[in-house]
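# Architecture at a glance
Here is how the chains run, residue by residue.
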Amino acid sequence: MTATIDRRLSTAAPSAGPRPDARLDGIRAKVERGERLSLDDGDLLFTTPDIWTVCELADLVRRRLHGDVAYYNINRHLNYSNVCALSCKFCEFYRKKDEPGSYTRDMDYVKDQVRQAVENGATEMHSVGGLHPYLPFSYYTDLVSTIRDTARELGSELHVKAFTAVEIVHLAKIAKVYKADDRASGIRWVLEKLKEAGLGSLPGGGAEVFDDRVHDEAYKGKIRSDVWLDVHRVAHDLGLNTNATILYGHIEERHDRLVHMDMLRRAQDRALARMGYKGTVHLAPGTRKDNEPPHAESGHLGYSGDEGADVPEITLTHPGTPLPERIAFGSSPSTKCQVAGAPGYFQTIIPLPFFPDGSELEHLPGPAGLENLRTLAIARLMLDNFPHVKAFWIMQTLPMAQLMLQSGADDIDGTVVWYDITKVGGSSTHQEVNVWTLEKAIREAGFKPVERDTVYRRVQRDGKIWRSV
Ligand code: V47
């Protein structure tokens, strides 16, 4: 009787219903075994009224990977120009050249930002901008080397995390090395030049939603999913780590978000296979002892140093599977530099809720609290091979980021200082929190705050002097 009532009520509107939802039992079993969830599982996670079980399951995965630790960093965002050749409907940031409010930063401005960053002990400069139609390719290599060299002149290091995949393709076109029939070679050329100038990693922006209908309606002219994924694959080949985003809550369907997540995890399967991870072996129930790693049958812990021809599913969520940063940097202090020639991988998924204000899609409501919480929790559950999930406090707000730490997130980004792409509740680009506030928010959420560098090594610091360990 109870089961019948439960089933009937649980198909009601997602805002109300029984807890727990018995339909989630199968998903719970998979999560406990560290198995990959299907798109059907994802659909159920999006429609169940029992959002708290969704969050609880995401928390289970998050604690398995990161225990009671939550990460933040001391960083600065530097938007070098808002001039953009595109006019994406969701975007409030872009301006046309010479339009009031348009800007392009010169190297004196950049140096000044670096000085302030070093003065405040920053470890990372995160720099992205619009697709400027006229800047030469040398502007971008200058930008990167100016950040690196100015920091060094001041006796510090700043990791340069810069340029979304969309910008990388734009740079290849500016440098006239982009060939539609062999795009990888142009992308590689650009990334090699930027790496020589000091580029350390790629941020996750510009992915939006990997769906052609949504692309054509909301950001036609931007690269499509295959090109975005190519840029990240080439970056990984060159040993650069990257992040990924999903911009949700506008004209996409919830199922589109799941397809996007599935495409990302397949791309990460390939990246992890190149690092030497072996596929996760799933035996019929009862043939494996509880808590035994799935890789134990072949006598290793999922890391062996070779890549098979067919890329298998590789999950990091089975207990005992090492995180990629452990493989890339080793676990003892003496092996804390990245293994030379080691490939890169996706570090972090960052779900970005759509902000309608000021955009061409202003008439849409944008996603609210519970939808944001659910989407982030589902990202943690579906992206079983992404080591980190970030609740970007600038877009999620700090109170929501606290809830998200309990629902799958292990990172809240950093001190930020200036952020121009979205502005919560007003028009100011000055959006800064100090370390004390970030650590307090993390502690209040029940976690131990750990300062990390861009590639998730822990930071040891004495005031503004720091080193990664
Ligand atoms: O690519 C633009 C998005 C992204 C809006 O890698 C919008 O660590 C919401 O990628 N509403 C840039 N989002 C931000 C980004 C990012 C942020 C923090 C950390 C990292 C990382 C990456 O912002 C853009 C676009 O997808 N965006 N307009 C808007 N109205």
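The preceding data block contains the structure.
Residues numbered from 1 in each chain as written. Predicted model: local features only at pLDDT ≥ 70, side-chain atom pairs only at ≥ 80, totals over all residues. Heavy atoms only, no water.

## Describing the site of the ligand
For the ligand, the set of nearby residues contains 23 residues, the closest of which are Lys-161, Gly-204, Gly-206, Glu-208 and Lys-390. Note that an oxygen atom of the ligand is positioned 3.3 Å from one of the backbone N or O atoms of Gly-205. Protein chains bury 96% of the 620 Å² of accessible surface belonging to the ligand in isolation. (Near = heavy atom within 4 Å. Polar contact = N/O pair within 3.5 Å; in protein donor to acceptor, adjacent residues only side chain to side chain. Areas by Shrake-Rupley, 256 points an atom, 1.4 Å probe, with all protein chains shown as cover.)

## So, the packing of aromatic side chains
Taken as a whole and judged by the stated rule, the model has eleven aromatic pairs. Both rings, one in Phe-90 and one in Tyr-219, keep their centres 5.7 Å apart while their planes meet at 80°; by these two values the pair is edge-to-face. One end of the pair, Phe-90, is in the loop between strand S2 (75-79) and helix H5 (107-119); the other, Tyr-219, is in the loop between helix H9 (212-218) and helix H10 (225-237), and 129 residues separate them in sequence. In terms of burial, Phe-90 and Tyr-219 fall into one category: buried. Pairing Tyr-140 with Phe-163 gives two aromatic rings, centres 5.9 Å apart and planes at 70°, and the pair type is edge-to-face. Of this pair, Tyr-140 sits in helix H6 (residues 137-153) while Phe-163 sits in the loop between strand S4 (159-162) and helix H7 (165-174), and the two are 23 residues apart along the sequence. There is no split in this pair, since Tyr-140 and Phe-163 are both buried. (Phe/Tyr/Trp six-rings, centres within 6.5 Å; stacked < 30°, edge-to-face > 60°. Helix = DSSP H or I, 4+ residues; strand = E, 2+ residues; numbered from the N terminus. Buried < 20%, exposed > 50% of the residue type's maximum accessible area, 1.4 Å probe, protein only.)

## A look at the sheet that holds strand S6 (residues 241-248)
In space, the seven strands of this open sheet follow the order S2-S3-S4-S5-S6-S7-S8, with parallel pairing throughout. Each end of this open sheet is capped by a strand with a single partner; those strands are S2 and strand S8 (388-389). Examined bridge by bridge, strand S3 (residues 124-128) and S4 share four bridges and lie parallel to one another. In the strand pairing of S4, Met-125 is matched with Val-160. (Pairing = 2+ DSSP bridges.)

## Observations concerning helix H8 (residues 183-197)
Given a rise of 1.5 Å per residue, 15 residues ought to cover 21 Å, and the 22 Å separating the end C-alpha atoms of H8 matches this to within 8%. Within the sequence span of H8, burial applies to Gly-186, Ile-187, Val-190, Leu-191, Leu-194 and Ala-197. Axial view of H8: buried residues confined to an arc of 130°, hence all on one face. At the exit of H8 stands Gly-198, carrying a positive phi of roughly 125°. (Expected span 1.5 Å × (residues − 1). Arc of directions from axis to C-beta.)

These values are about where atoms sit, not about what they do.
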